[in-house]
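# Remarks on the overall topology
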Amino acid sequence: MSDLRVLAEQIANRVKSKTDEYIVKLSLVKDLMVKYARGEISVTQSWKTLRLELYVAKNGRIAVSSFESENPENLVEKACSVLDFLKPSPFYAPLPEPSGEPLSYVDRNIVDIVESGDASKQVEEINAAEAGDVAGKVEFGHTATTLLGSNGADLYYEATSFNGYLRVFRGESSGQWSWTSTSYDPSLARRAIDTASHLADTCSKLPKKQVKPGKYRVLLSPMVAANLVEHIVSAASAGSIVFGISFFAGKKPGEKVLSEKLTILDKPRDTSLPFFRGFDDEGVATHDKPVIENGILKTLLHNSKTAKVMNAKTTGNAGWIMPHPFNIEVLPGDNSLDELVEQLRDGIYITNNWYTRFQNHVEGVFSTVSRDAVIVYEGGKPAYCTERIRIADKMPRLFSSVEALGKELWQIEWWEVSHPTRIPHILLSEANISLPR
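Here's what I pulled together on the structure shown here. Computed from a predicted structure; not experimentally measured.

Another aspect to go through is the environment of Leu166. On the secondary structure map, Leu166 appears in strand β5 (residues 154-170). Leu166 gets classed as buried once you look at its relative accessible area, which sits at 0%.

Written as structure tokens, this is what we have:
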């Protein structure tokens, strides 16, 4: 029995007498991060975190707590005492029977890197400094998690991760790309560096000119598309609908909501991406599923609470508060990048974005600001690079205008894409473009 399992059991024993139901989720997270600034390594940092997440319920009252502490067992009393100040929750439902199974993927190379605290060999293999003025990070991770519940859940998994993002500068021009995987593969990082370098080089050689506000044909890079698709999947969480923050509110599975060219999957069983899981936070078995299939809303993501409210069944996507996706995948099309650019003709290639914000969740009114290279094409040729622009549109309308998808898939994860996402380039026939103030 592992030390993690022993500690989780000790915590569970303390919780039992104070609650009707509980789940103890205890994770040991080990990370090693290499950060770059101005083409050089600025810092190498490693850390180990013991994270306790605790679900407790008594007389229909529910409390969820999260702690990072070397002695999490000492925090149990505090977590359970919260129940005394709560009213019964209208969302309460008994914990479901556990049906999940352990599902682990461990790359021993990553484990050795994290344990040794030494990534010098990998730094040489990736050779980010070769790109010149580069900034960003490369991160290696190893996580072990035990989940014990009063419903009988007694589950465990291990996962490794290798991800990062690198931003290359050429004077006032820049390009950025990211990658993610459960295995150490330096070619993923090299490919990201080459792509970021190509984007920065392209804009450094083109004139600079501010594009005018208006409606444009737009090609979304996988970096941008992953950020926006994550919000689409979030809107398909039944929790988002229950709490009134989804543009799928009022829609039912089977209704057409987006372009028929678009199919989006939730893939918790895909062990090549870091958010794979054999069970959710309630101990229920996960399964791969379409969220959007050929533009049709196929699946609302449920935990036991939202399933009760909406008279449905859990889909194995708990989240104790909000059901959530795991790994996300968008099925590819059959176009090369050159073919997509040819189809773009007169339009804008947006390669990176940040600050995605919703002004109206129910209508899907949002905006997002470009970052790094934004290339304006005229007649299928790059004409100039523009300063920052903003996509200001409605999410359902924007993704109803999908015209074509790339055939090459990219694995994206960085601080604007929190769920590992495998996704191609996406060509939109029309997007409303405004200028940031």
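What follows covers the pattern of salt bridges. The final tally for this structure, using the stated rule, is 26 salt bridges. Here Glu53 ties to Lys25 by a salt bridge, and the two come within 3.9 Å at their closest N and O atoms. Placement of the pair is Glu53 in strand β2 (residues 40-58) and Lys25 in strand β1 (residues 21-37), with a sequence separation of 28 residues. Just as Glu53 is buried, Lys25 falls in that class too. Ionic pairing is found between Lys137 and Glu139, a salt bridge with its closest N-O pair at 2.6 Å. Through salt bridges with shared partners, a single network forms among Lys267, Asp270, Glu329 and Arg422.

The peptide bond linking Ala318 to Gly319 adopts the cis configuration, its omega dihedral lying at 15°. Mapped onto the elements, Gly319 comes out in the loop between α8 (304-309) and β11 (328-330). In the Ramachandran plot, Asn59 falls in the positive-phi region, its phi being about 50° despite a non-glycine side chain. With respect to the helices and strands, Asn59 occurs in the loop between β2 and β3 (61-68). The class for Asn59 is exposed, based on a relative accessible area of 54%. Even without being glycine, Asn294 reaches a positive phi, approximately 50°. Checked against the element boundaries, Asn294 lands in the loop between β9 (289-293) and β10 (296-297). On the basis of relative accessibility, which here comes to 45%, the residue Asn294 falls in the partly exposed class.

Glancing now at the sheet that holds strand β4 (residues 134-149). Spatially, six strands are ordered β3-β2-β1-β4-β5-β6 in an open sheet, and the strand pairing comes out antiparallel. Edge positions in the open sheet fall to β3 and β6 (173-181), since each of these has one partner strand only. This sheet shows a mean twist of 15° between the axes of neighbouring strands, independent of strand direction. Relative to β5, β4 runs antiparallel, the two sharing 15 bridges. Residue pairing across strands places His142 opposite Thr160, the latter belonging to β5. Contacts from helix α1 (residues 3-16) reach β1, β2, β4 and β5, with the element oriented near 140° to β1. Each of β1, β4 and β5 touches helix α3 (residues 108-116); the most contacted strand, β4, lies at about 100° to it.

What counts, and at which threshold
- Residues numbered from 1 in each chain as written.
- Predicted model: local features only at pLDDT ≥ 70, side-chain atom pairs only at ≥ 80, totals over all residues.
- Heavy atoms only, no water.
- Helix = DSSP H or I, 4+ residues; strand = E, 2+ residues; numbered from the N terminus.
- Buried < 20%, exposed > 50% of the residue type's maximum accessible area, 1.4 Å probe, protein only.
- Salt bridge = Lys/Arg side-chain N within 4 Å of Asp/Glu carboxyl O.
- Pairing = 2+ DSSP bridges.
- Axes fitted to C-alpha atoms, helices over the stretch in contact; angles between N-to-C directions.
- Contact = heavy atoms within 4.5 Å.

Any functional reading would require information beyond the geometric quantities listed.
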